[in-house]
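This is what each chain is made of:
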Amino acid sequence: MKKRNTILLPRAQKTISVLGENIKLARLRRKFSAEQVAERADISRPTLVSIEKGNPNVTIGAYVKVLSVLGLENELMEVAKDDNLGRRLQDAKLIVRERAPRIFKDDKLRSNPQVSKIIIKGQASKVGQLKKTDGNKKQ
């Protein structure tokens, strides 16, 4: 199997390295061996060593398993909990998306509930006249 080489920005690499160091310190404070934590987390010992070194190729699931063994899985819920930038962007409403009116072709008119009502009432001759609708108006 080909070994993956993930390239991260220096700031992101430092963040993962610090996270790995913090996980190692938490393990040592609890006086767990690397083998105990790896066994309880159902990962291999080399994977745990990679986590503690801050290797970016380790899956986030392995990080969650280790944090769970250490009793720190609730700390993961704090990530992006209070997103100030996101809230400011949301409040500024910078991205406004409006849907365009739907354009129906003759063969797809029957899937429109309003057109179906016209067909049921026996006014099928009007179906050919309905080409453009926004879903609320009958033409």
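Right, let's walk through the structure included here. Since this is a predicted model, take the numbers as computed values, not measurements.

Quick notes on the rules
Residues numbered from 1 in each chain as written. Predicted model: local features only at pLDDT ≥ 70, side-chain atom pairs only at ≥ 80, totals over all residues. Heavy atoms only, no water. Helix = DSSP H or I, 4+ residues; strand = E, 2+ residues; numbered from the N terminus. Buried < 20%, exposed > 50% of the residue type's maximum accessible area, 1.4 Å probe, protein only. Contact = heavy atoms within 4.5 Å. Areas by Shrake-Rupley, 256 points an atom, 1.4 Å probe, with all protein chains shown as cover. Polar contact = N/O pair within 3.5 Å; in protein donor to acceptor, adjacent residues only side chain to side chain. Axes fitted to C-alpha atoms, helices over the stretch in contact; angles between N-to-C directions. Parallel < 35°, antiparallel > 145°, perpendicular 65-115°, else oblique. Left-handed = near helix turned anticlockwise from the far one by under 90°. Nonpolar A, V, L, I, M, F, W, Y, C, P; charged D, E, K, R; others polar.

### Quick notes on the overall build of the chain
For the chain, the count of helices and strands is 6 helices and 2 strands. Ordered by position from the N terminus, the helices and strands of the chain form the series α-α-α-α-α-β-α-β. Buried residues in the chain amount to 21% of all 139 residues. Sequence-distant contacts, at least 24 apart, represent 47% of the contacts inside the chain between residues at least 6 apart. Split by element, the accessible area of the chain, about 11,500 Å² in all, is 53% carbon and sulfur.

### Comments concerning the environment of Asp-83
Among the secondary structure elements, Asp-83 is positioned in the loop between helix 4 (60–69) and helix 5 (84–92). Separated by 3.2 Å, the side chain of Asp-83 and the backbone nitrogen of Gly-86 make a polar contact.

### Side note on the packing of helix 2 (residues 34–41) against helix 4
Their axes nearest at 9 Å, the elements helix 2 and helix 4 cross at an angle of 115°. When the axis of helix 2 is compared with that of helix 4, the two are roughly perpendicular. For the pair helix 2 and helix 4, the crossing hand works out as right-handed. For the pair helix 2 and helix 4, contact is made by Val-37, Arg-40 and Ala-41 and by Lys-65, Val-66 and Val-69, respectively. Of the residues contributing to the contact of helix 2 with helix 4, the split by class is 4 nonpolar, no polar and 2 charged.

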